[in-house]
Amino acid sequence: IEIDLNDQTSTKAGVILVPVGIMNENHEPPTFYGVERNDVEKYLIPATWWAAGVSITHKMSNGITLEAMVSEGLKGTTAGYIRGGRQKSADATASDLAYTARLTYTGMPGLKASLFYNHQSDFTQDSSDNIEEMDLYGATAIYNFGDGFEVRALHARADFSGKDESGAFFTNGFDEHQGTFFEVSKRTGNLGIYANQSIVSGEKVSRQYTVQTAGFSFWPQGTNTVFKINYYDKDYSSESLNSSDTDGFDIGMGYEF
């Protein structure tokens, strides 16, 4: 439920999409390029990410919007896999809450830029294990040059803390996740072409790689559907996984309802 407190301020209560990243709140297939969502917003954000809680939004006349949210937190494991910590709100464990804030600027034509921060009081919702807090933060920018040209950029980072940081999770640097996403695209009428790159450094060696993707999307006129095809090339950072490097094609369709 969303309630307007006045012309500039509103509040929400219920199951809410967490205000982080680019695509978490606008994640339907016609709204993004590529058959698959980019890996930064799949494994670090992790879209689609919702939580039961309350939030408040204040929009200023200079193009700045401030948002704050208190909600159930993730319930991850000591392995530090962020996406695996998402909960179904009806059955969520909320021994320790999560806090999210975002600042967005839209005062320049064609630009939407934001800074976001999410604090998990206890990533595992279990005070008896070694993993404690997690801080997820980053910046996003979308700039539309006009005539269908658009650039999107995102950088996200997650930092974990522990009672004892002498274990492999911390000493191998897996407690510091980072991801960078960059995309350029051009849309003419119902056809769009794009190229992007995702650099992921996650909670284990097999979650550290670079993915490059290029392809096109076609939106049939008068519908909420999209047809997509793209080529991808995935290269792992570790030499021990060079044999796992892959490339190929994705073909798909999607719709918004």
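Our subject is the structure that appears above.
Here the structure is a predicted model, which is why all the values come from computation and not from measurement. (Residues numbered from 1 in each chain as written. Predicted model: local features only at pLDDT ≥ 70, side-chain atom pairs only at ≥ 80, totals over all residues. Heavy atoms only, no water.)

Help me out: how do you make sense of unusual backbone geometry in this one?
As a rule of thumb, non-glycine residues mostly have phi less than zero, and peptide bonds are mostly trans rather than cis. With an omega of -10°, the peptide bond between Ile45 and Pro46 qualifies as cis. Tracing the backbone through its elements, the reader meets Pro46 in the loop between helix H1 (40-43) and strand E3 (50-59). Thr48 follows Ala47 through a cis peptide bond whose omega is -5°. Looking at where Thr48 falls in the secondary structure, it is placed in the loop between H1 and E3. One non-glycine residue with positive phi stands out, namely Gln125, at about 60°. Within the secondary structure, Gln125 sits in the loop between strand E6 (111-120) and strand E7 (131-146). By relative accessible area, Gln125 is classed as buried at 9%. At Asp147, a residue that is not glycine, the phi angle is positive and equals roughly 60°. Its place among the elements puts Asp147 in the loop between E7 and strand E8 (149-162). Judged by relative accessible area, Asp147 falls into the exposed class, the value being 65%. (Helix = DSSP H or I, 4+ residues; strand = E, 2+ residues; numbered from the N terminus. Buried < 20%, exposed > 50% of the residue type's maximum accessible area, 1.4 Å probe, protein only.)

Explanation requested: the environment of Tyr137 in the structure shown.
By secondary structure assignment, the location of Tyr137 is in strand E7. When its relative accessible area of 30% is taken as the criterion, Tyr137 is described as partly exposed. In the structure, Tyr137 is positioned 20 residues away from Tyr117 in sequence and 4.3 Å away in space, judged by C-alpha atoms. Those residues in contact with Tyr137 that lie beyond four places of it in its chain are Phe116, Tyr117, His155, Ala156, Arg157 and Asp159. A polar contact is formed between the side chain of Tyr137 and the side chain of Asp159, at a distance of 2.7 Å. (Contact = heavy atoms within 4.5 Å. Polar contact = N/O pair within 3.5 Å; in protein donor to acceptor, adjacent residues only side chain to side chain.)

It is not clear to me how the packing of aromatic side chains should be interpreted in this structure. Could you clarify?
Any two aromatic rings considered together are summarised by their centre-to-centre distance and by the angle between their planes. Following the criterion strictly, the structure yields 10 aromatic pairs and no others. Each ring, one from Tyr209 and one from Tyr236, has its centre 5.7 Å from the other, and the planes form 70°; the classification is edge-to-face. With Tyr209 in strand E11 (residues 208-218) and Tyr236 in strand E12 (residues 225-236), the pair connects residues that are 27 residues apart, well separated along the chain. Owing to a relative accessible area of 17%, Tyr236 belongs among the buried residues under this scheme. The residue whose ring lies beneath Arg207 is Tyr43, and the NZ or CZ to ring-centre distance is 4.4 Å. (Phe/Tyr/Trp six-rings, centres within 6.5 Å; stacked < 30°, edge-to-face > 60°. Lys NZ or Arg CZ within 6 Å of the ring centre and 35° of its normal.)

Would you explain the environment of Glu256 in this entry?
Mapped onto the fold, Glu256 is located in the segment after strand E13 (246-255). Expressed as a C-alpha distance, the spacing of Glu256 and Asn224, which sit 32 residues apart in the sequence, is 5.5 Å.

Quick question: what am I supposed to make of a negative patch on the surface here?
Taken together, Glu132, Glu133, Asp164 and Glu165 make up a surface patch of like negative charges. Take Asp164: it is sitting in the loop between E8 and helix H2 (168-171). (Patch = residues over 30% accessible without salt bridge, like charges linked within 9 Å, V, L, I, M, F, W, Y side chains within 5 Å. Areas by Shrake-Rupley, 256 points an atom, 1.4 Å probe, with all protein chains shown as cover. Salt bridge = Lys/Arg side-chain N within 4 Å of Asp/Glu carboxyl O. Lys, Arg positive; Asp, Glu negative; His and termini not counted. Charge placed at Lys NZ, Arg CZ, Asp CG, Glu CD.)

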